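Architecture and fold: a report
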Amino acid sequence: MFKKPLADLKTSAPLRSSDRRKLKQRVLQSYTALQPEDGDLLVPDGLQSQKFSTHHDEPGVAYSSPEGDPLWFTIGKGSEDLIPTVYTLWKRPDRLPFLSTPAPVVPKLINGADLMIRGVIQHSPDLVPDQLVAVTQYHRGAIGPPIAVGRMAVSSDTLRSAEEGDVKGKAVYILHTWKDALWELGPSKKTDVPAPRDLKTSEVNTEEEPAQQAADDDGPIASEEKTEPSVAEAESGVNESGDAVAVQPDAAEESADGEGEASVSAARLTAEDVSSLLRAALIQAIGNTLSSLPPSSFPISASTFWSAYVLPAHASAIDVKHSTFKSVKTFLRASAKEGLIKLKESKSDLMVTAVFPQHPDVDSRQPHRTIGDIEAKAKKAEDRVQKEREEEEKRKGETQVVELWKPFGTTIPFFVAAGKERQKHRQRLHLLPQPHQYQRPAVFNISTDQAFANAVSVKGEETPEFMKRDEVLRRVRAHMQTWHEIRAEGRDVVRKKGELKPISVVVKIRQGRKACTLITGFEPFGLQADELAEELRKVCASSTSGKPNSLEVMVQGKQIKSVVDLLITRGVPKRWIESSDQTTGKKK
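Residues numbered from 1 in each chain as written. Predicted model: local features only at pLDDT ≥ 70, side-chain atom pairs only at ≥ 80, totals over all residues. Heavy atoms only, no water.

For the protein chain, the helix and strand inventory stands at 17 helices and 28 strands. When each of the 588 residues of the protein chain is scored for burial, the buried share is 48%. Once local pairs closer than 6 in sequence are excluded, the contacts in the protein chain between residues at least 24 apart make up 64%. (Helix = DSSP H or I, 4+ residues; strand = E, 2+ residues; numbered from the N terminus. Buried < 20%, exposed > 50% of the residue type's maximum accessible area, 1.4 Å probe, protein only. Contact = heavy atoms within 4.5 Å.)

Right, here's the structure in full:
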C-alpha cells in the first residue's frame, strides 16, 4: 500500500487533548490486551495527525509521535479502524497475532508483495480472515521483530491444511512494512532492527485435545501449530507479533491481543514434561528415519545419534538439562532399558548399536510436526526464493520481445464499437475490448453483436452462435495485423510490422561429408555477424565465417549447444532460438 511515495501529504497538526483522549480510548478498546499505561506510551502527549493519499488515491490519516514517527494510521474515508505501524509494534511486539516467514521473503514484502500461504512458517492460532496480524522474519527458537502489518486473507485452518496438501493463494494482505513510504516519514527510520525474542515454551495453547497433545509430547508446545509447537508452524508462516509461536490466547480473548507470557494462562513445562517430550522425539526418530537405516549404519555414537536424529524429531526447542535425565547419556540408557534402543559402552563414548521399530510405543505413535520438518520446509522456501531471484537476475540483461497485434480489416469495427482506439497496438492479454460483455466469460454469445461476429468469422464457414474464449482469441488474432517490439538495455526500442522469426541454428552437410552449423535471423536482436563469428571462433575453437552486415554466420562442425549457450549469454531469450540437426533429421 505504501510501496510508492504518498501522492498527497498534508501538513501535520497537533491533536487536541480531547481528541487524543478519544484516540487513546479507541486504542485500548480495540486492543484489549493493552494496559492503561500502554495507552500513554502508544498515544503520547503531543500526538500529531496528518492526512494523506496513497499512490492509489486512497485517503488516510497518520497519527505521529511528537518526534514525527508514525504510530497509527487509518485507510479509507471516515475510517475508524486504527492500524498500528511497525514503529508501534516495535514498542509492543506482542500486541498482535503473528506469522513468520523466511528471510528471503522479507524484501518481497517490502517491495509491495502480499504474503503467500507457501511463505508461512509459523503462525498464531485461531486466526480468521480480515484479522489484523503482524509478520516477522523466522528465527529458529526465537520470534523476530514485526516487519509488516496486514490482514489475514484466510483462516488458520487453511494454513494448517496447507501443510497436508498443496494449498496456494495469499495468506496476508500487506498494509504497511518496515522501510516503506509510511515508515520513511519518521525521523527514526534508521533505527536498528530489534533483536529476536526468545521462543517461550511456557506460553502454550492446550485448548485443542489437551490430553492427546500431552500424550504426543507436543501438546504444551503446539500452541498454534498443527498439533506441533509454534516452531513447527514456522515452516508455513509469517508471524503475528505474538510472544512466541507457542503462545496462544484463550478462546475468550481476542487472538489479536497475542500478549504472550503475561496474558496466556499456561504453566511452565516441568522436568517430567520435558522428559516426556524427549521420549516422544526419540520414538518419532525411530519410526520415521532410524528404522529405514541399513544395518551397516550402526553403531552410531551417542552425540551423533542425538544431534542428527533425536533433536530434529523434537516438536519444539527443548533442552535435556531441563528434564529429569539431565544428560543425553542418562536419557539414552533409560531408553535402552525400555527396549527402544540397544547400547554399547566404550571408553570414549556411548554407542547406539540398534533401534527397535517393533516396540509397541513406536507402532502406536501419533506423528507430529518436528523441527526437522519445519526447517526443511523453510529451506525449501528459501531455495525457491533464491531460484526466483537468480532467474530475475538473468532476465535483467535479456532482450525483451513483445508480440503485438493491431486492429485490421474486419476487427476495426469491433474495436471502434467498443470505444477503443483503432490504431493502438495490443498485447496478447488485451486483445479483446473490455466492456462487461467481453471481460472473462468462458463462452461468448456471438450472435448478439454483429461487429463481434464479423471479427471472428471465417470466409466460407458459418459463424456459430456460441464460441469458446480460446477460439475467439485465435480468430480475432488471425484477423489483426501482427507486429513485434524488441527492448534491449542500451538500445532504442524497435517496433516493426510482421511476425518476429526465431534465430535459426541449423547443422547441415557441406562439401561432401563435412558438417557445419549455420546461424541466421540474429540481426533483429542487435547482433552483428562479424562480432558473433569472432566470439564463436573462440568458444567453439573452430573456424567461422561471418562478414560485416552479413545475414549468416557459419561455424565448422556440429556446434548447436555452444551456439545456443552463447546466444543466451548475449541476451537472446531461449524461446526465440530454434535449433535443428538436418544431418539426423531430428528437430530440437
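Attention now moves to helix H9 (residues 302–310). Turning to H9, its buried residues number three or more, namely Ala302, Phe305, Trp306 and Val310. For H9, the angular spread of buried residues about the axis comes to 95°, placing them on one side. At its buried positions, H9 is contacted by helix H8 (271–288), strand E14 (300–301), helix H10 (328–337), strand E15 (341–345) and strand E16 (350–355). (Arc of directions from axis to C-beta.)

The subject of this paragraph is the pattern of salt bridges. Summed over all chains, the structure comprises 25 salt bridges. Put simply, aspartate 38 and arginine 92 hold a salt bridge, and the shortest N to O gap is 2.9 Å. On the criterion of sequence distance, the pair formed by aspartate 38 in helix H2 (residues 36–42) and arginine 92 in the loop between helix H3 (86–91) and strand E7 (98–101) is long-range, its members being 54 residues apart. When its relative accessible area of 6% is taken as the criterion, aspartate 38 is described as buried. On the basis of relative accessible area, arginine 92 is assigned to the partly exposed category, the value being 26%. Among the salt bridges present, the one from glutamate 338 reaches arginine 279, with a minimum N-O distance of 2.8 Å. (Salt bridge = Lys/Arg side-chain N within 4 Å of Asp/Glu carboxyl O.)

Sheet architecture is open: three strands sit in the order E14-E16-E15, paired in antiparallel fashion. What marks the edges here is a single partner per strand, and that holds for E14 and E15. By the bridge criterion, five bridges tie E15 to E16 in an arrangement that is antiparallel. Note on E16: the bridge partner recorded for isoleucine 341 is valine 355. (Pairing = 2+ DSSP bridges.)

Across the sheet, which stays open at both edges, the four strands sit in the order E18-E17-E21-E22 with antiparallel pairing between neighbours. Strands with a single pairing partner mark the edges of an open sheet, and in this sheet they are strand E18 (426–427) and strand E22 (494–497).

Let us now look at the environment of valine 555. For valine 555, the position within the fold is in strand E26 (residues 552–556). Classification of valine 555 by relative accessible area gives buried; the value is 0%. When the C-alpha positions of valine 555 and alanine 515 are compared, they lie 9.1 Å apart, and in sequence the two are 40 residues distant. In this structure valine 555 touches Cys516, Thr517, Ile519, Leu536, Cys540, Ser542, Ser543 and Thr544, once residues within four positions along its chain are discounted.

With that out of the way, let us pick up the packing of H8 against H9. For the pair H8 and H9, the least separation of the axes is 10 Å and the interaxial angle reads 80°. In this view, H8 runs roughly perpendicular relative to H9, as classed from their interaxial angle. Mapping the contact onto sequence places Leu278, Ala281, Leu282 and Ala285 in H8 and Phe305, Trp306, Tyr309 and Val310 in H9. (Axes fitted to C-alpha atoms, helices over the stretch in contact; angles between N-to-C directions. Parallel < 35°, antiparallel > 145°, perpendicular 65-115°, else oblique.)

All right, on to the confidence of the model for the protein chain then. Detailed reading of the predicted coordinates is not advisable wherever pLDDT falls low. Put simply, the protein chain has an average pLDDT of 80, and 84% of its residues get 70 or more. Below a pLDDT of 50 lies the segment residues 201–267, which in the model reaches 270 contacts outside its immediate sequence neighbourhood of four places, other chains included. Throughout residues 434–439 the model reports pLDDT below 50, and contacts reaching past four residues in sequence, or to other chains, amount to 12 contacts. (pLDDT = per-residue confidence, 0-100.)

Now for the side chain of serine 301. Structurally, serine 301 is set in strand E14. Given the relative accessible area of 17%, serine 301 is considered buried. Polar side-chain contacts of serine 301 include one of 2.9 Å to the side chain of threonine 304. Ignoring anything within four residues of it in the chain, the contact list for serine 301 reads Asp349, Leu350 and Met351. (Polar contact = N/O pair within 3.5 Å; in protein donor to acceptor, adjacent residues only side chain to side chain.)

Within helix H17 (residues 560–569), the full set of buried residues consists of Ile560, Val563, Val564, Leu566 and Leu567. The buried residues of H17 occupy an angular sector of 160° when projected down its axis, which confines them to one face. Among the exposed residues of H17, those pointing more than 90 degrees away from its buried face are Lys561 and Thr569. Packing partners of the buried residues in H17 comprise strand E23 (503–510), strand E24 (514–520), helix H16 (529–540) and strand E27 (577–581). Note on H17: the residue one or two positions beyond its end, glycine 571, has a positive phi of about 95°.

Note that the residue after phenylalanine 298, namely proline 299, is joined by a cis bond; omega there is 5°. Residues other than glycine seldom take positive phi values, yet alanine 541 does so here, at roughly 50°. Structurally, alanine 541 can be placed in the loop between H16 and strand E25 (544–545).

Two numbers describe how H16 lies on H17: the axes approach to 10 Å, and their chain directions differ by 125°. With respect to H17, the axis of H16 lies oblique. Between H16 and H17 lies a crossing whose hand is right-handed. Only Ser562, Val563, Leu566 and Leu567 of H17 make contact with H16, whose side of the interface consists of Leu532, Glu535, Leu536, Val539 and Cys540. Here the residues of the contact of H16 with H17 are counted per class, giving seven nonpolar, one polar and one charged. (Left-handed = near helix turned anticlockwise from the far one by under 90°. Nonpolar A, V, L, I, M, F, W, Y, C, P; charged D, E, K, R; others polar.)

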